[in-house]
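Working through the structure, step by step
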Amino acid sequence: MNKLFKYALVLLLFILTSFFIVRKFKKSTIPEINMDGISLVDLEGKAIDNKQFLGKPLIINFWGTWCGPCREELPNFENARKTYDDKIHIIVVSDESPETISKFKSENSYEFFYARSLKPLHEFGLPSVPFTYFYSADGKLISKQKDALSQEELDRLIKKML
């Protein structure tokens, strides 16, 4: 009986350890999202042709109006827009209703491009927001980041793109 208990305990520890390792791996994996795989509309519902953003590096930030870390990092994106405006494109993408995004936009003075995803963000493999994707001027994914970015991190990543 004592030997059986030890084996059961070892097996239980193995299963729990495996569960937490797999869970951590899944949370830390950032899905690949290619530009051509993103269908966006503007806040009036008009389709956006992603090809219009070619020619300059592009930053797409997936966010939500309800997300505290997202709201905290948006001033960093606005500062980047002001600093690098002629060199990059910045789009913030939410899957919320146009009314919710428009209300947020009217209550804030950010001038970056707001867009709405036609499919829920979790269908891209994003378990939460914020996630930020960096694309080269020819539309190739070059970097991706999960969680909110500080101004220093964002500036460093932008400088690597230029």
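So, a few notes on the structure that sits alongside this text. Here the structure is a predicted model, which means the values were calculated and not measured.

1. Focus on the sheet that holds strand S2 (residues 47-48)
- Strands sit in the order S2-S1-S5-S4-S3-S6-S7 across an open sheet of 7 strands; the sheet is mixed. At either margin of the open sheet sits one strand with a lone partner, and together these are S2 and strand S7 (141-146).
- The pairing of strand S3 (residues 58-62) with strand S4 (residues 89-94) spans 5 bridges and is classified as parallel. Its bridge partner being in S4, phenylalanine 62 is matched across the sheet by valine 93.

2. A word on the nonpolar core
- Formed by 43 residues in total, the largest nonpolar core has its most connected members in Ile59, Phe62 and Tyr114.
- Of the residues forming this core, the biggest block, 5 residues, is contributed by helix H2 (residues 68-84).
- When sequence neighbours within four positions are dropped, the list of residues in contact with tyrosine 114 reads Asp42, Leu43, Trp63, Val92, Ile101, Phe104 and Lys105.

3. Remarks on the state of the cysteines
- Applying the stated criterion across every chain, the model contains 1 disulfide.
- Here cysteine 67 connects covalently by a disulfide to cysteine 70, the sulfurs 2.4 Å from one another. Because the sign of the S-S torsion sets the handedness, a value of about 75° for the bond joining cysteine 67 and cysteine 70 places this disulfide among the right-handed ones. For the pair formed by cysteine 67 and cysteine 70, the shared burial category is buried.

4. A word on the side chain of aspartate 42
- Checked against the element boundaries, aspartate 42 lands in the loop between strand S1 (40-41) and S2.
- Buried within the structure, aspartate 42 lacks any salt-bridge partner; its nearest side chain of opposite charge belongs to lysine 46, at an N-O separation of 4.5 Å.
- Apart from residues no more than four positions distant in its own chain, aspartate 42 is found in contact with Ile48 and Tyr114.

5. With respect to the packing of aromatic side chains
- All chains considered together, the criterion is met by 9 aromatic pairs.
- Centroid distance phenylalanine 53 to phenylalanine 113: 5.8 Å. Interplanar angle 70°. Geometry classified as edge-to-face. Taken together, the positions of phenylalanine 53 in the loop between S2 and S3 and phenylalanine 113 in strand S5 (residues 113-117) put the pair 60 residues apart, joining distant regions of the chain.
- For phenylalanine 53, a relative accessible area of 7% gives the class buried.
- Phenylalanine 113 gets classed as partly exposed once you look at its relative accessible area, which sits at 33%.
- Residues tyrosine 133 and tyrosine 135 carry aromatic rings whose centres are separated by 6.5 Å and whose planes lie at 20° to one another, so their mutual orientation is stacked.
- Among the aromatic residues, those joined into a cluster by ring pairs are Trp63, Phe104, Tyr110, Phe112 and Tyr114.
- If you follow lysine 119 out to its NZ or CZ, it ends over the ring of phenylalanine 124, 4.6 Å from the centre.

Thresholds, definitions, all that
Residues numbered from 1 in each chain as written. Predicted model: local features only at pLDDT ≥ 70, side-chain atom pairs only at ≥ 80, totals over all residues. Heavy atoms only, no water. Pairing = 2+ DSSP bridges. Helix = DSSP H or I, 4+ residues; strand = E, 2+ residues; numbered from the N terminus. Core = buried A, V, L, I, M, F, W, Y, C linked by side-chain atoms within 4.5 Å. Buried < 20%, exposed > 50% of the residue type's maximum accessible area, 1.4 Å probe, protein only. Contact = heavy atoms within 4.5 Å. Disulfide = S-S within 2.5 Å. Lys, Arg positive; Asp, Glu negative; His and termini not counted. Salt bridge = Lys/Arg side-chain N within 4 Å of Asp/Glu carboxyl O. Phe/Tyr/Trp six-rings, centres within 6.5 Å; stacked < 30°, edge-to-face > 60°. Lys NZ or Arg CZ within 6 Å of the ring centre and 35° of its normal.

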